[in-house]
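Coordinate inspection notes
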Amino acid sequence: MSSVPGLNGSTPAYPGLRILLIADPTLAVLLQPLLAQSLLEPVQIVPIHHPEAALVQLQQADRSELILLDLALSENLNFLATLHQHAPHLPILVLLEESQTGIAEQTLSAGATDYLFKSELTPSLLRRSLRYVLHGNAFQQVEANLRQSEARFFAAAEASLDALFILQSYRHPEQHQIIDFVCTDVNSRGEKLLGKPRQAILGRFLSELLPIDSSKPLIQKYTLVVETGQVLEEELQVNITTLPITWLHHQIVPLGDGIAITARDISERKQKEAELHRQAFYDPLTELPNRTYFMNRLTKVLERAGRRQDFHYAVFFLDLDRFKVVNDSLGHLLGDEFLKAIARRLSSCLREEDTVARLGGDEFAILLEELSNPDIVHRIAERLQRVLSAPFTLKQHELFTTASIGIALGTSYYEQPEAVLRDADIAMYQAKTQGKARHIIFDQAMHTRAVKRWQLESDLRWAIERREFCLVYQPIISIQTERLIGFEALIRWHHPQRGWISPADFIAVAEETGLIIPLGHWVLWEGCRQLRQWQSQFNFSPTAEPPLTVSVNLSSKQFCQPDLIHYIQQVLQQTGIEGPCLKLELTESILMENLSTATSLLVQLKELGIQLALDDFGTGYSSLSYLHRFPLDVLKIDRSFINGIEAETENLEIVRTILSLARSLNLQVVAEGVETQAQLDQLQSLQCGYAQGYLISRPLIPEKAEQFLQEYLQSRGKAPKSSEQGQEEGSGQEEEAGANDSPYPSRVA
C-alpha cells in the first residue's frame, strides 16, 4: 500500500479516499501518479496484482471505497461478476484495452459502475469518471437506504398493533386554510378499524370516511396539530354506530403539511375500567351508589358549602323497620328483591342532582343538594315515608315497610363527611327508639348522648373483664302465708368513677352490643351459686315443697343462643342446685318473636325441672291465643298495674282479669312492685299468690339477703344463727341494697 499526497494545497473533495487498484505491477506504477493528479487530494491506493488476492483482501473487511480494475488481468467477465458479488456496495471502474470494445457494455451488466479505455486516459477524464462513479454510487446508496427504510417502516406499520393513517391536509383554493384531510396511506390495522379495504380509504377525504358530526371536530384537532407543530395524544370516546369500537387511544404527529395518526382500540380496557369502577362505587344488588361513592360526593358538597354561604344541603340516613322479619319469613332471595324495589322507589322521588346510596343491609343514605330552604327536609321526609309505606307486590306477596329516618342539616360546623353521616345515623337511632316510622333532625344534644352511650359501651366491656358487677336479691313471699319462697336475682354495676349505674342505663346497651350474652351467663351462674350456698348454710332441703328458689331473667339474645340448654345444664351441675330451685323469667316479646322455636325450648327447660315465669305480663303482646301453648308456671303482673289497685280503678279490673286467667290456666301469680300495705291487702283479698316489692324488701346485697334469711328462719324457729350475723356492711352501697325498712321479715311468721 502506498500513499500519494495531494497537490497545490487545495481543499480535498475526497479526504482519505481509499482505492483498491487491481492491475499488473507495471500499470499500477503508471496509474498511481495519474490518480493523484486527477483527484488533487491525498488518497490511499492498495495495489493488488492477482485476482485471487483481491478477493482475499475484500474478505478481510477491507475499507476501500472504490475498485479500479484492469480487466486485462482476468481473461473474461466472470471475475468482474465475482468481484461485484463480494463487494456489491463498492463502485467498480473498469479499464479496457481497445481490443475489448465489444464487451464494454457487458461490463456494466456484470457489475461495473463505469468503464474507460486505457488509450484515452487523461487526468481530467479520469477525474470526471471517478466523480461520476463515486457520486452515482452514493445516490444509489441513498436510494437503497431509503427503500430499505421505507420497507422497514411499512413492515413495522403492518406488524404494529396500532392502526396507522397518513393524512395530507387539503386547503381552500382561495383562502388557503385547511378544510379537510386526505388519506394517503393506511396499514391493515387501519383497514380493520374503519371496516373498509385499502382502496376504499386511500385518496378519500376524512369527511367522506366518517360521518360529518364526527369528522368535523377531528378536522379541527388535526388542523391545530399542523399549525402548531405539536404532537397531540388523547383517549377518545367514539360514538359512531358504523364502527365496531367505543374508545380509541390515538396520537397525532405533524408531518409537514400533513399528519401521521396512530390509533388503538381500547374499548375492552375501558369496559374493564368501567366494570372496576362499578364494583368500587356501586352496590351490586340495587345498582345504587355505595358508601364510597356517597362519601366522595359528600366531600365535594362540603367543599362547595365552604365556598358558598347560601349553599344548603342535607343528609338523610334511612333504616327500614322490621326488614329482618321479611328475610326470616320469606327468605333472602325475596328480601333482595324487596331491597331492589325500595331502591327504585327512593330514586323515583328524588331530583336528578340528589344522590341515594345503599350503605349496606337495609340502610340507605340520601344527599340533597341546592336546597332552597332547609325547612323543606320535613316535606321530603314525609314524602319518602308515604312512598315507602305503600304496599310492595313481589312474587304474589304483598309486603309493607316503614323507615326510621335521621337527618343532618349541612352547617359550617361540618368539616369532614364522616361527621355528617355520623350525626344523621345518630338521629336515625333516635327515631327508632322513639317508635320507628318517623324522622328526626339531629341536634347537638343527640351527639352528646351518643358519646355518652359509646363511653358506656366501652366501660361495659371493661366492666365484664374487671368483674365490676354484683347481684342483689329481692325477696318474694307468699301473700296468704307470708312464707319466703325465694329471691329474684338482679344485676347491679358499680363503676369505679361513676359509682352505681342503674340497669335501665346499661341493659339496653348490653342487648344491642351482644354483651348481654356473657353478662347473662354470669348472672345465671352466680345466682345459682349463691342459692346453693344459702341452701347449705341454712339447711334448706333442695327437695322441700316449695323449695327456696332464685329467679333469673333471660334476655332475648340469650334465649336465641343454640347452646342455651347445654349451658343451663352445666350451671345446674356445677353449682349443685336442683332444677325446681331455678326460675327463669322471660318477657312476652321474647316468646312472640321466636314462636317457631319457643315452645320446643320451653319444653326442654321443663324437662330439666326448671320453673318458667312470664315477666311483665300485660305490657307486651298479651296474646291469650298463644298463652296456653307455652308450658309456663308463673305469671308476673307488671308493677304498672299494681299502682292504684287499692281503689276501684281500671288497674284493679285488669289485675282481677289476669288472676282469673291464671287460675283457668293453673298458673301461679306474682305481683311486682308492691309498695303499700293497702296494695298487699287488696291482693290478698283477690287471692293473688305471691308478691315482691319495697313493702317486703328492697333488693339486698348478698350479706343483707343472708341477714334477711337469718331473721326469717329465726322468726319461724327453724334456723341456726349465721356465722356472719350482726356484721355491719361497708358504706358506699346504694339505698336499695341497704337495710330493710319494711315490716318484713319480722312480720313473716
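A brief look at the structure comes next. (Residues numbered from 1 in each chain as written. Predicted model: local features only at pLDDT ≥ 70, side-chain atom pairs only at ≥ 80, totals over all residues. Heavy atoms only, no water.)

A short note on the overall build of the protein chain
For clarity, the threshold we go by: Strands here are runs of E lasting at least two residues and helices are runs of H or I lasting at least four, both read from the DSSP assignment and numbered beginning at the N terminus. Buried, partly exposed and exposed residues are distinguished by accessible area as a fraction of the type maximum, computed with a 1.4 Å probe on protein chains only: under 20%, between the cut-offs, and over 50%, respectively. What makes two residues a contact is simply this: any of their non-hydrogen atoms within 4.5 Å. Computed by Shrake-Rupley with a 1.4 Å probe, the accessible areas treat only the displayed protein chains as cover when residues are assessed.
A count of helices and strands for the protein chain gives 26 helices and 27 strands. When each of the 749 residues of the protein chain is scored for burial, the buried share is 46%. Put simply, of all contacts in the protein chain between residues at least 6 apart along the chain, 65% involve residues at least 24 apart. Here the protein chain displays about 37900 Å² of accessible surface, and carbon together with sulfur accounts for 51% of that area.

Overview of the sheet that holds strand β13 (residues 355-360)
Quick reminder of the rule: In short, DSSP must find at least two bridges between two strands for them to pair. As a rule, the C-alpha atoms of each element are fitted with a line to give its axis, helices using only the stretch in contact, and angles between N-to-C directions run from 0 to 180 degrees.
Taken in spatial order, the 5 strands make up an open sheet running β13-β14-β12-β17-β18, and their pairing is mixed. Every interior strand has two partners, whereas the edge strands, β13 and β18 (439-441), have only one. For this sheet, the mean angle separating the axes of adjacent strands, direction not counted, is 20°. In terms of strand pairing, strand β12 (residues 314-320) meets strand β14 (residues 363-368) through 6 bridges, oriented antiparallel. From the neighbouring strand, D319 faces β14, where its bridge partner is E363.

Section: unusual backbone geometry
Apart from glycine, the bulk of residues carry a negative phi angle, and the bulk of peptide bonds sit in the trans form. Even without glycine at this site, R322 takes up a positive phi of about 60°. You can see R322 is positioned in the loop between β12 and α11 (323-330).

Comments concerning the pairing of strand β5 (residues 92-96)
Stated formally: With the strands aimed away from the viewer, a crossover counts as right-handed if its path from the first strand over the helix to the second runs clockwise.
Burial within β5 is extensive, with 5 of its 5 residues counted as buried. Residue alternation in β5 divides its side chains into two sets, I92, V94 and L96 and L93 and L95, and both sets are buried. Pairing geometry for β5 and strand β6 (residues 114-117), over 4 bridges, is parallel. Opposite L95, over in β6, you have L116 as the bridge partner. Regarding topology, helix α4 (residues 104-110) serves as the crossover connection from β5 to the parallel β6, and that connection is right-handed.

Observations regarding the packing of helix α12 (residues 332-348) against helix α13 (residues 376-389)
Heads up, the condition is: Left-handed describes a crossing whose near helix is turned anticlockwise from the far helix by less than a right angle; the clockwise case is right-handed. Following the grouping adopted for this structure description, the nonpolar residues are Ala, Val, Leu, Ile, Met, Phe, Trp, Tyr, Cys and Pro, the charged ones are Asp, Glu, Lys and Arg, and the polar ones are all others, Gly among them.
Two numbers describe how α12 lies on α13: the axes approach to 10 Å, and their chain directions differ by 145°. Considering the relative orientation of α12 and α13, their crossing is right-handed. In contact with I342, R345 and L346 of α12, α13 contributes L384, V387 and L388. When the residues that make up the contact of α12 with α13 are grouped by side-chain class, the tally is 5 nonpolar, no polar and 1 charged.

With respect to the sheet that holds strand β8 (residues 178-186)
In spatial order, the strands read β8-β7-β11-β10-β9; together these 5 strands make up an open sheet with antiparallel pairing. With one partner strand each, in any of the chains shown, β8 and β9 (232-237) form the two edges of the open sheet. Adjacent strand axes in the sheet meet at a mean angle of 30° when their direction is disregarded. Here 6 bridges tie strand β7 (residues 163-171) to strand β11 (residues 258-265), and the two strands are oriented antiparallel to one another. Considered in β11, the bridge of L164 is made with T262.

Quick look at the nonpolar core
The line we're drawing: The criterion is simple. A nonpolar core is a set of buried Ala, Val, Leu, Ile, Met, Phe, Trp, Tyr and Cys residues joined through side-chain atoms within 4.5 Å.
Among the nonpolar cores identified, the biggest contains 85 residues, and F559, L582 and L584 are the most heavily contacted of them. Looking at which element gives the most residues to this core, the answer is helix α17 (residues 516-537), with 8 residues. When sequence neighbours within four positions are dropped, the list of residues in contact with L582 reads L524, C528, V550, V552, I568, L572, I577, I610 and Q611. Counting residues in hydrophobic clusters, the runner-up holds 32 residues, among them L320, F338, C349 and I380.

Observations concerning α17
As a reminder of what qualifies: Residue count minus one, scaled by 1.5 Å, sets the expected span of a helix.
The end-to-end C-alpha separation of α17 is 31 Å, in line with the 32 Å expected for 22 residues at 1.5 Å each. At the C-terminal side of α17, N539 shows a positive phi close to 60°.

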